[in-house]
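# Remarks on the overall topology
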Amino acid sequence: MDVYKGWAKADLPDWLATPRRDFDRLAAHLRPEVERLLSRQGVFAPFGAVMAPGRYLGVIETVAGPGGQADSAIQLDRARDAVQDAAMRTGARAAAVVANCTVLLPGGDGPVQAAVIMCAHRDGTAENIVYPYRVGEAGVTFAPAQVSEGTQDIFPPIRLRFHIRETCPPRPAGHAVTSFAFHGIDRATVLARMGLTDTGTPQDDTRPAPMSIASLPDGWTVVVCNDPTTARAHEARLAAYSAGATVVTCMVDERRYESAAGGYHDGAQVWSVTHHGQAAGPHDLTLTGTPPAALHETIAAMEREETESGYPPGMLDFYFDIPVEVVFAVTGFRYCAGGCVVFDVAREMPGRQDAGL
């Protein structure tokens, strides 16, 4: 069952968006303007576009080129700089620069003119979409697009550490996920307290649901929430959720290098570990209460790995994973564990009023 079957594309959440989909949308946005310029003047100066974060389709903003009569390479550099500035200003998840180029195509007879759309995504993906064209009396004729690997020169390098554990495979930057792990109450009670219904349908990991639930070894039940607004609403109820039980939370926002873990027991928060990598720096760590004993060894392990990595201090954000690893030590669950845990789609009960509390 596809939880999003029947949804309009405009209503789909942003966590379903992929770089390939975003690049196609950027190309569809830029090509009509390229065609208009070619029809009017036969050439065009480089310009670009950025896709703001938000819904699945994203809002695309055109970024004007530098203009003037500078050398084509200088114009391209200036257009790329303008797109970089716009991407930083908007917090864009994808961006592209399009330039008028002479290219050699595989299997071609010689150089041809092409509009080359150089796309980049904040997760590190980059592609070049090449549209060979001819300008004639009937207008502009584009040949089918050819796609090749691009160069990531718009977004800064990803600072998340490399994942060397088999249980935590590499992941793209961009996840914003919150998990709630319960111990001391059964799965049915967890669902009732959170106002959820278990559909019994395994989640398609390529199209994650807004909320999902799984049973872990050692009696833990974990609920994963992909929607930040919904997650915050549940976080506000944790005192009630943890009555007669233990709840361990984990929040990550890879876009801002933010992560947090917290422990609640029988209606009260016991501990928290928080990292604000973008705002406060790669070695930021704030502790409250009495965190699990695993915290100190986790900090030591991350510092040791950073020292042995060969990278300058702070170049990669090793501290981002400290809350994640503390939660793993307590519950046996990492949010980035891939297919190691089978989740069922969970739905919020219509009109819930915390009746299960």
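Remember, predicted model here, so these are calculated numbers, not experimental data.

Reading guide: rules and limits
Residues numbered from 1 in each chain as written. Predicted model: local features only at pLDDT ≥ 70, side-chain atom pairs only at ≥ 80, totals over all residues. Heavy atoms only, no water. Helix = DSSP H or I, 4+ residues; strand = E, 2+ residues; numbered from the N terminus. Buried < 20%, exposed > 50% of the residue type's maximum accessible area, 1.4 Å probe, protein only. Lys, Arg positive; Asp, Glu negative; His and termini not counted. Salt bridge = Lys/Arg side-chain N within 4 Å of Asp/Glu carboxyl O. Polar contact = N/O pair within 3.5 Å; in protein donor to acceptor, adjacent residues only side chain to side chain. Arc of directions from axis to C-beta. Contact = heavy atoms within 4.5 Å. Domains from an automatic or database assignment. Pairing = 2+ DSSP bridges. Core = buried A, V, L, I, M, F, W, Y, C linked by side-chain atoms within 4.5 Å.

## What about the side chain of Arg 193?
- Looking at the secondary structure, you find Arg 193 in helix H3 (residues 187-194).
- Buried and unpaired, Arg 193 has no salt bridge, with Asp 266 as the nearest side chain of opposite charge at 7.5 Å.
- A distance of 2.6 Å separates a polar atom in the side chain of Arg 193 from the backbone oxygen of Tyr 241.

## Some thoughts on unusual backbone geometry
- Even without being glycine, Tyr 257 reaches a positive phi, approximately 55 degrees.
- Relative to the elements of secondary structure, Tyr 257 occurs in the loop between strand S12 (246-253) and strand S13 (258-265).
- For Asp 266, which is not a glycine, the phi torsion comes out positive at approximately 50 degrees.
- Within the element layout of this structure, Asp 266 appears in the loop between S13 and strand S14 (268-276).

## Describing helix H4 (residues 228-235)
- Among all positions in H4, only Thr 230, Ala 231 and His 234 are buried. All buried residues of H4 fall inside an arc of 100 degrees around its axis, so they share one side. Relative to its buried face, H4 has exposed residues pointing more than 90 degrees away, namely Thr 229 and Arg 232.
- Close packing links the buried residues of H4 with strand S8 (176-183), H3, strand S10 (211-215), strand S11 (221-225), helix H5 (238-241) and strand S16 (344-348).

## Thoughts on the domain arrangement of the chain
- For the chain, the assigned domains read domain 1 (19-149) and domain 2 (176-348).
- One C-alpha centre belongs to domain 1, the other to domain 2; they are set 39 Å apart.

## Concerning the environment of Arg 31
- Mapped onto the fold, Arg 31 is located in helix H1 (residues 19-41).
- Judged by its relative accessible area of 28%, Arg 31 falls in the partly exposed class.
- Expressed as a C-alpha distance, the spacing of Arg 31 and Ile 117, which sit 86 residues apart in the sequence, is 8.8 Å.
- When near neighbours in sequence (up to four residues on either side) are disregarded, Arg 31 contacts Tyr 131 and Phe 142.

## Description of the pairing of S10
- Most of S10 is tucked away: 4 of the 5 residues are buried.
- With 5 bridges joining them, S10 and S11 adopt antiparallel strand pairing. Opposite Ser 212, over in S11, you have Val 224 as the bridge partner.
- Between the antiparallel neighbours S10 and S11 lie 5 residues, among them Asp 218 with a positive phi of about 65 degrees.
- Of the pairings in the sheet, the one linking S10 to S16 comprises 2 bridges and is antiparallel in character. Along S16, the bridge assignment pairs Ile 213 with Asp 344.

## Quick look at the nonpolar core
- Judged by nonpolar contacts, the single largest core of 31 residues is most densely connected at Val 222, Val 252, Ile 322, Phe 333, Tyr 335 and Phe 343.
- When residues of this core are traced back to their parent elements, those giving at least two are S8, S11, S12, S14, helix H7 (294-309) and helix H8 (321-331).
- The element contributing the most residues to this core is H8, with 4 residues.
- Those residues within four positions of Ile 322 in sequence are excluded, and the remaining contacts are Val 273, Leu 285, Leu 295, Thr 298, Ile 299 and Met 302.
- Leu 37, Ala 115, Ile 129 and Phe 142 belong to the second largest nonpolar core, which has 23 residues in total.

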